[in-house]
Each structure stands twice: as structure tokens, then as C-alpha cells.
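Each chain, letter by letter, is given below.
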Amino acid sequence: MDLSSLEAEVRAVLGPHSRLSQAFPRFVHRPQQEEMALAVLQSLAQGRHLTVEGPTGTGKSLAYLVPAFLWARTTDSQVVISTHTINLQEQLLRKDVPFLEKGCGWDLQAVLVKGRNNYLCRRRLEQLMARRGQRPSQDFPVPWAELARLVAWVARTEEGSRSELDFACPDVAWAPVQVEAAHCPGRHCRHYAHCFFFAARRRVDRARLLIVNHSLFFSDLALRGTGAQSREVAVLPEYGAVIFDEAHHLESVATDHLGLRLSYEDWKSWARPAQEGGSVRADSGPGAGVPDVEPHLPPGLADRWRKEWLPALRLADRQAQTLFQELCGREEASGQWPASDGPEPGPGQELIRVTDSLRHSAQWDRWAGLAHRWSRLWAEALQELDRFVEEFPAAPEGDEQQTEQWAEILAWLQDYRSRGQQGLAALKSFFDGEGNDSGEEGFVYWLERQRARPQSVALAGAPIHVGPKLHRLLWSQVGASVATSATLAIGGSFSYFWERTGLQLLAPAERQGLQLETPFRFQDQAMLAVVHDLPDPRQEPFTEQAAEALQELLVTIGGRALVLFTSYQMLNQVWARISGHLKAAGLEAWHQGQLPRAKLLDKLRSSGKGVLLATDSFWEGVDVPGQALSCVVLVRLPFAVPTHPVVEARMEAVEEAGGNAFRDLSLPEAVMKFRQGFGRLIRSHTDRGAVVVLDPRLVNRPYGRLFIQSLPSLPVVVGSAARVIQAVGDFLGSAAREDPVGGET
């Protein structure tokens with residue numbers, strides 16, 4: 001591979017007098033974009049792991065798409081591009097990829113990779129229609145109108161993907177017809193040549209660029225971590241490199257997918273054959289359409305299915321019921337379920353962390369005794385299932401319909417066994433600490449339930465340090481990688497990101513960091529204003545006084561503002577105080593939860609005097625260019641409340657290692673999120689506005705300097721609420737009275 005010629009081609013596409021500028025006169029050369037593209041190319045070519053912080057306006061997507069395609073084409077490899085949000089995936093596929101293909105005359109061969117459940121199965125739809133004709137309509141769980149729509153849609157769809165549906169299809173109608181590994185005869189299916197999923201799989205295998213979301217990527221990585229690397233099981237093919245956009249989410253998404261969760265509902269969906277006699281004909285939900293196994297077995301094997309396997313599973317089922325009833329009943333009686341408040345651990349969630357004191361209690365001894373009996377019975381049932389699968393007869397010859405049915409039953413048995421093994425491993429890990437790979441990462445465990453369903457308890461766990469597992473499963477296995485986001489550095493250093501994601505475990509020569517300069521003129525386009533005379537946010541008077549200052553600010557500047565909170569509780573309290581006053585002043589005001597997210601943002605974009613009060617998820621991914629958003633208010637510094645067991649355990653681990661949990665964990669996380677909230681303001685070269693912080697700790701605590709140092713250089717005003725309101729009004733000036741809709745798109 002001639003790296004210099006590839007670098008020349010990158011410059012020809014993204015440089016000052018580029019191919020794109022000739023094809024599109026409005027295309028503007030961005031030095032930061034070109035610098036990033038060359039760094040990405042070198043990283044891919046040299047097999048290194050690159051971390052790039054590219055501020056808003058850098059043009060990150062083109063900066064990695066161009067070198068990724070050139071490298072994949074040259075080496076005949078595949079590159080995975082993983083994003084956190086659907087919005088970015090749509091931008092890549094609908095805007096950036098077509099833009100490059102038209103401007104450069106390329107075929108990037110980029111495809112969106114989706115899981116099986118996103119595709120309709122022709123065979124299952126056919127079977128469902130046949131069963132519908134055999135049962136009274138009132139007893140059939142899927143409405144006929146929904147089935148009729150799906151039948152008509154199959155005739156006109158190209159990809160058979162749920163996202164292509166041109167009508168609303170409820171889960172009750174989609175679940176029985178979606179592709180599932182447990183119901184897939186594979187090559188033995190009569191619809192194989194025209195199967196939507198396998199057609200998509202063939203497109204994936206031919207593609208150069210595979211676009212996925214982080215959730216799917218880490219689900220696939222977790223599957224590979226169990227040793228299941230078969231192309232029939234894995235979602236992704238073998239790839240040569242991976243690029244993570246929105247990479248600041250890597251640790252949290254990896255934690256979710258490399259952990260464990262087991263509820264009684266999970267067990268019931270697996271044990272249903274025992275509950276329904278081994279001849280299941282459910283039509284929706286988990287385990288829908290389980291094949292009728294027994295009639296297709298030789299007499300000896302059918303006898304074992306009926307007399308050995310099913311009774312063993314029923315014994316395990318009774319023990320599972322006993323354990324979960326005990327978990328629910330004892331917890332409610334002892335009053336140990338704590339109330340939850342705010343986004344951590346989540347609205348409506350109740351969590352109990354499994355601590356050493358709980359493990360040494362009489363209550364835990366009783367739970368563990370029940371769990372061990374269940375575990376033993378479950379293991380015995382799985383051993384019987386292993387023998388059963390090993391003795392399963394070979395495929396019948398000559399009869400295609402029988403062969404197809406045989407293949408489905410075998411696929412179901414194999415998938416059933418795999419899910420059972422995963423569930424048993426989760427149970428053992430929760431009660432015994434087993435199943436944590438080589439044991440190099442500690443796990444934290446907790447009990448979880450929803451307030452709306454107090455009888456539904458789940459066993460949950462997650463790695464305290466996800467970095468070592470990512471190093472073992474990902475960084476040391478993939479040829480090269482790129483992690484990019486607008487916010488990855490803390491105080492100009494990537495050390496925190498590398499430590500949390502395991503990149504720190506690589507040799508220094510294997511990793512590289514690049515922090516790009518912002519393309520915007522923050523000295524002219526923006527200001528930061530900090531109110532220093534409000535109470536500490538942890539004190540009760542803060543909410544009332546902050547609401548008063550916020551109300552006066554919003555009325556003075558004529559709205560056009562996004563107000564970001566750190567908890568629903570404070571948002572609701574402030575909304576109750578100021579919403580009426582804002583409307584009386586002629587402003588349009590909304591709060592998160594009033595409408596879907598996209599509609600709230602549409603209203604803010606189109607309104608001349610809009611105000612949106614929001615929390616957690618609106619701190620990022622909000623793109624409202626122009627004067628429609630001229631002010632972002634950060635009510636509190638975004639320190640996470642350590643109520644979630646994972647956060648608590650990570651803070652304890654830092655302290656036990658001799659560090660300081662606040663300095664080494666809470667503060668960097670807060671700075672990262674603060675930068676995300678700040679980044680909602682300036683989205684184009686013509687934007688102009690102010691970020692207002694109502695939390696006085698930004699200027700009266702020593703750690704506040706780290707927040708400000710992590711921002712681009714810009715004017716800063718510190719003063720009383722009255723002084724700040726005046727300064728922001730003066731800065732926005734006449735723009736507050738002009739048409740608020742405008743700016744670059």
C-alpha cells in the first residue's frame with residue numbers, strides 16, 4: 001500500500017482546491033477536516049488507535065468517511081462505523097455518503113447493518129396466515145387488519161425492514177413475523193433465495209463501510225466474547241477497522257452490554273415449553289411460535305422429551321418462582337426498596353445494591369439457598385438438553401418441507417440451549433461471583449424493579465472497570481480504530497477517556513491523540529456569563545432564586561433559549577414557578593415530556609420566542625442553528641448523583657486504589673457533560689449567543705477552573721444576576737428583536 005498516494009487523494013478530495021469544491025461551489029475547505037482525515041488514514045494504514053476531538057463545525061463525518069473508504073478499497077477490507085444516535089446514522093447515509101459519491105464519482109458501498117428482528121420473515125408470516133385461518137378471529141392475538149397490511153406491504157417493500165413500513169405497526173403484529181435465529185431454517189428454508197434478512201446479510205458481506213449503532217456493535221462484541229464467532233450467529237462479519245463517532249458514550253454503552261440481567265419474565269419466556277406441555281403455539285412475544293418438537297422425534301427421543309426433559313424443566317420452574325416470590329415479598333416486608341429521584345437510577349426505578357453486608361445477612365443466605373437449588377436444577381435440565389441435541393436425528397432426505405421443519409426445530413433447540421446457558425451463567429454470577437471471565441474485572445450487582453410493577457424483580461450486574469474487557473475483546477483484536485467526538489479531552493488531555501475505555505492499556509506507540517482547533521470564532525460569536533450571587537445549588541433556596549433569575553433573563557432576551565437541568569424534580573419545580581409568567585410575557589414555553597423530542601426541537605426552531613426546559617438527554621444531540629437558539633442556560637453543573645450501583649462501585653474503586661473519587665471520576669464526567677451542554681449553542685459560522693450558568697460553584701470553587709479551561713477561549717462575565725442579565729441582553733443586542741430563524745444549515 002502506497003500511503004503517500006492515498007494521502008494525495010485525501011488532499012485532492014478535501015484540500016483547498018478539491019474535487020468537492022469543484023463539484024459543489026458552496027463546499028468550504030476546512031483545515032481541521034483535512035488534518036483529521038490525514039490522521040485517520042495514517043492510523044488505519046499503520047494499525048494504530050487514534051482518538052480525535054473534533055469540535056462542532058470540523059466536518060468529522062467526511063473526515064473519516066474519505067480515508068475509511070480509500071483504505072478499505074485499497075486493502076480489500078471492511079470498516080465498521082459506529083454511532084450512538086439514529087440521527088447521525090441518517091446523516092451519514094442520506095447526506096454525507098451521497099454527497100461524496102456525487103462529488104467524487106465513487107461508490108462507497110456503505111450499508112446500514114441492522115439486527116435480525118428488524119426484518120420480516122416471509123415464512124413466519126405465511127405460517128401465521130395459515131394458523132389464522134384455523135382459529136376463530138376472537139381467539140387470535142394479532143388483529144386481521146394488521147396482518148392484511150403486512151401481506152400487502154411485503155409485495156411492495158424492497159428491503160423488508162421495519163423502518164421501511166409506511167404505516168404504524170404495533171409490536172403485537174411485528175413480533176410474530178420478525179426474523180429470529182430460533183425460528184430460522186437458514187439455507188433449508190424455501191424462502192431463502194428471497195429472504196429479506198439474508199439479502200441484507202449478502203449486502204453487508206459485499207460492502208466496504210458498515211454503519212451500525214453502538215448498541216448493536218457491543219451486542220455483537222459481547223456475543224464474540226462468549227466464543228460465538230460463527231457468521232451464522234454474529235451480526236457483523238470480520239472487519240479490519242472500526243470508527244466510533246460520538247465516542248464519549250463508549251464506556252456507558254459497553255457497560256450495559258457487557259453486564260448481565262435476569263428477571264422472572266426472562267426465565268418464563270425460556271421455560272415456556274414446560275408450562276405449555278412442550279407443544280407451544282404462542283403467536284407473539286418472546287418465544288413466539290415455538291415449533292411443536294415432540295411429534296417430529298423418533299419414539300425413543302420423544303419419550304425422553306416427555307418423561308425426562310419436561311419434568312426436569314418443571315422442577316426448575318417451580319424453584320425459580322419460589323426465589324422471585326421471596327425476593328419480592330421479603331423486600332416489600334422489610335422496606336429495603338429505596339425511593340429513587342431524578343435520572344439516576346431512572347424515573348420509576350428502584351434499586352438495591354448487593355453489598356458485603358447484604359451478602360452476610362440471613363436474608364441473603366435464604367435467597368442464595370433458593371438460588372443454588374434453582375441453579376442445580378437448571379444445570380441438570382441443560383445437561384439433559386445437551387444430550388438431547390447431540391442425539392437429534394439427521395435431516396430427512398428427499399422431502400423439502402420436512403427438511404425445512406427439521407432445520408427450524410434444530411435451530412430452535414440450539415438457540416434455546418444457548419439462551420439457557422447465558423441465563424444460568426447470569427444466575428451463578430449474581431449469587432456466586434462466577435462467570436466474570438478470568439476474574440480480572442470486578443463486578444457490581446444489584447436488584448432492580450419498576451415501581452409500576454413491584455412484583456417484577458431483576459438480577460443485574462455490570463463490570464466496575466469496563467476498560468480491561470474492552471482491551472481484551474476489542475482494542476487488542478481489531479487492526480486499527482478511531483474514536484472521535486466533540487468532547488473527549490479534559491483539560492487538553494485524553495488520559496481520562498483512555499483510562500475509562502481501556503486504551504490506556506495499549507503500548508504508547510499503539511495509540512495517538514489529536515485535539516483539533518474549533519473552526520468558529522468564539523471570541524466574537526459567544527460569551528459565557530456566570531451568576532455568582534445565587535445560593536449553593538445543594539441548598540434549598542437555590543431553586544426559588546434561580547427560577548426568579550431565569551424568568552427575568554428569558555423575558556429580557558425575548559426567549560430563544562434552551563434551559564438545561566440535571567434532574568426532573570428541579571425542572572418541574574421551576575416550570576411551575578415561571579411558565580405562567582413566560583406566557584404572559586408573550587413567550588412560547590415547553591418542557592421535556594410535553595411532546596416527543598423531535599417535535600419540541602421543531603417548535604423551538606420555528607418559534608420566534610421559544611423557550612424549552614429540558615434535562616439529561618437534551619444536553620447533547622440538539623442542533624438548532626441560527627437565532628432560534630441564542631441562549632443556553634445551564635442551571636446546575638452536571639455532577640451525577642451517585643445513586644446507581646455502578647457509579648457507587650466505581651467511586652469506591654477509585655478510593656480503594658488511592659485516588660480521589662470526586663477529582664478522578666465525578667469531576668471529569670461533569671466537565672465532559674458541561675462541554676456537551678455548552679456545545680448546543682454555536683452550530684454554524686453565523687451563530688451568535690450566550691451560555692449562562694446559574695451555578696455559582698463555577699467561579700467560587702477551585703475546580704471551576706477546569707470547566708472553564710475546557711471551553712474554547714471566549715469572553716467571560718461574572719456578576720450578580722442583575723449584572724449577568726444586563727450583559728447578556730447587551731451582547732445579544734438588536735438580534736433579540738430580529739427574525740430568529742436563520743443561520744447556516
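Just above sits the structure.
Since the model is a prediction, treat every value here as computed from it, not as a measurement.

Peer 1: In this structure, what is going on with the packing of helix 23 (residues 645-656) against helix 24 (residues 661-678)? I would like to understand it.
Peer 2: At a closest axis distance of 9 Å, the pairing of helix 23 and helix 24 adopts a crossing angle of 145°. For the crossing formed where helix 23 meets helix 24, the hand is right-handed. Within the contact between the two elements, helix 23 uses Arg650, Met651, Val654 and Glu655 and helix 24 uses Ala661, Asp664, Leu665 and Ser666. The residue makeup of the contact of helix 23 with helix 24, split by class, is 4 nonpolar, 1 polar and 3 charged.

Peer 1: For this particular structure, what's the right way to read the packing of helix 20 (residues 541-557) against helix 27 (residues 721-732)?
Peer 2: To characterise two packed helices, one gives the angle between the axes of the helices and the distance between these axes. Between helix 20 and helix 27, whose axes approach to 10 Å, the crossing angle comes to 20°. By the angle between their directions, the pair helix 20 and helix 27 is classed as roughly parallel. Both helix 20 and helix 27 take part in a crossing whose hand is right-handed. Counting all contacts with helix 20, which are made through Ala549, Glu552, Leu553, Thr556 and Ile557, the residues of helix 27 involved are Ala721, Ile725, Val728, Gly729 and Leu732. Grouping the amino acids of the contact of helix 20 with helix 27 by side-chain chemistry returns 7 nonpolar, 2 polar and 1 charged.

Peer 1: Could you clarify how one ought to interpret the sheet that holds strand 12 (residues 526-531) in this entry?
Peer 2: Strand pairing within a sheet occurs via backbone hydrogen bonds; the two strands may be parallel or antiparallel. As summarised here, the arrangement of the 7 strands in space is 14-15-13-16-17-12-18, forming an open sheet in which the pairing is parallel. Here the strands that pair on one side only, and so sit at the sheet edges, are strand 14 (588-591) and strand 18 (716-719). In this sheet, neighbouring strand axes are inclined to one another by 15° on average, regardless of whether the strands run parallel or antiparallel. Here strand 12 runs beside strand 17 (residues 689-693); their pairing, made up of 5 bridges, is parallel. Residue pairing across strands places alanine 529 opposite valine 692, the latter belonging to strand 17. Relative to the sheet, helix 22 (residues 597-606) contacts strand 13 (561-564), strand 14 and strand 15 (610-614), its axis offset from that of strand 15 by approximately 150°.

Peer 1: Sorry if this is basic, but what is going on with helix 16 (residues 400-432) here?
Peer 2: The α-helix winds at 3.6 residues per turn, so residues separated by three or four positions along the chain end up facing the same way. For helix 16, with 33 residues, the first-to-last C-alpha span of 47 Å sits near the 48 Å given by 1.5 Å per residue. Where helix 16 ends, the next residue or the one after it, glycine 433, has phi of about 75°, a positive value.

Peer 1: It is not clear to me how the pairing of strand 12 should be interpreted in this structure. Could you clarify?
Peer 2: Each regular strand shows side chains that alternate between the opposite faces of the sheet. For strand 12, the buried fraction is high: 6 of the 6 residues fall into the buried class. Covered by surrounding structure in strand 12 are Ala526, Leu528 and Val530 together with Met527, Ala529 and Val531, the residues of both alternating faces. As paired strands, strand 12 and strand 18 are joined by 4 bridges and run parallel to one another. Looking across to strand 18, one finds that valine 530 is bridged to valine 718.

Peer 1: Would you mind showing me how to read the packing of aromatic side chains here?
Peer 2: What describes a pair of aromatic rings is the distance from one ring centre to the other and the angle between the planes of the rings. All chains considered together, the criterion is met by 38 aromatic pairs. Each ring, one from tryptophan 270 and one from tryptophan 309, has its centre 6.3 Å from the other, and the planes form 90°; the classification is edge-to-face. With a gap of 39 residues between them, tryptophan 270 in helix 12 (residues 264-275) and tryptophan 309 in helix 13 (residues 299-334) connect regions that are remote in the sequence. Taken as a pair, tryptophan 270 and tryptophan 309 share a single burial class, namely buried. Here the basic side chain of arginine 202 rests over the ring of tyrosine 192, its NZ or CZ set 5.9 Å away from the ring centre. The aromatic ring of phenylalanine 618 is capped on one face by arginine 597, whose charged end is 4.6 Å from the ring centroid.

Reading the values: the criteria
- Residues numbered from 1 in each chain as written.
- Predicted model: local features only at pLDDT ≥ 70, side-chain atom pairs only at ≥ 80, totals over all residues.
- Heavy atoms only, no water.
- Axes fitted to C-alpha atoms, helices over the stretch in contact; angles between N-to-C directions.
- Helix = DSSP H or I, 4+ residues; strand = E, 2+ residues; numbered from the N terminus.
- Left-handed = near helix turned anticlockwise from the far one by under 90°.
- Contact = heavy atoms within 4.5 Å.
- Nonpolar A, V, L, I, M, F, W, Y, C, P; charged D, E, K, R; others polar.
- Parallel < 35°, antiparallel > 145°, perpendicular 65-115°, else oblique.
- Pairing = 2+ DSSP bridges.
- Expected span 1.5 Å × (residues − 1).
- Buried < 20%, exposed > 50% of the residue type's maximum accessible area, 1.4 Å probe, protein only.
- Phe/Tyr/Trp six-rings, centres within 6.5 Å; stacked < 30°, edge-to-face > 60°.
- Lys NZ or Arg CZ within 6 Å of the ring centre and 35° of its normal.

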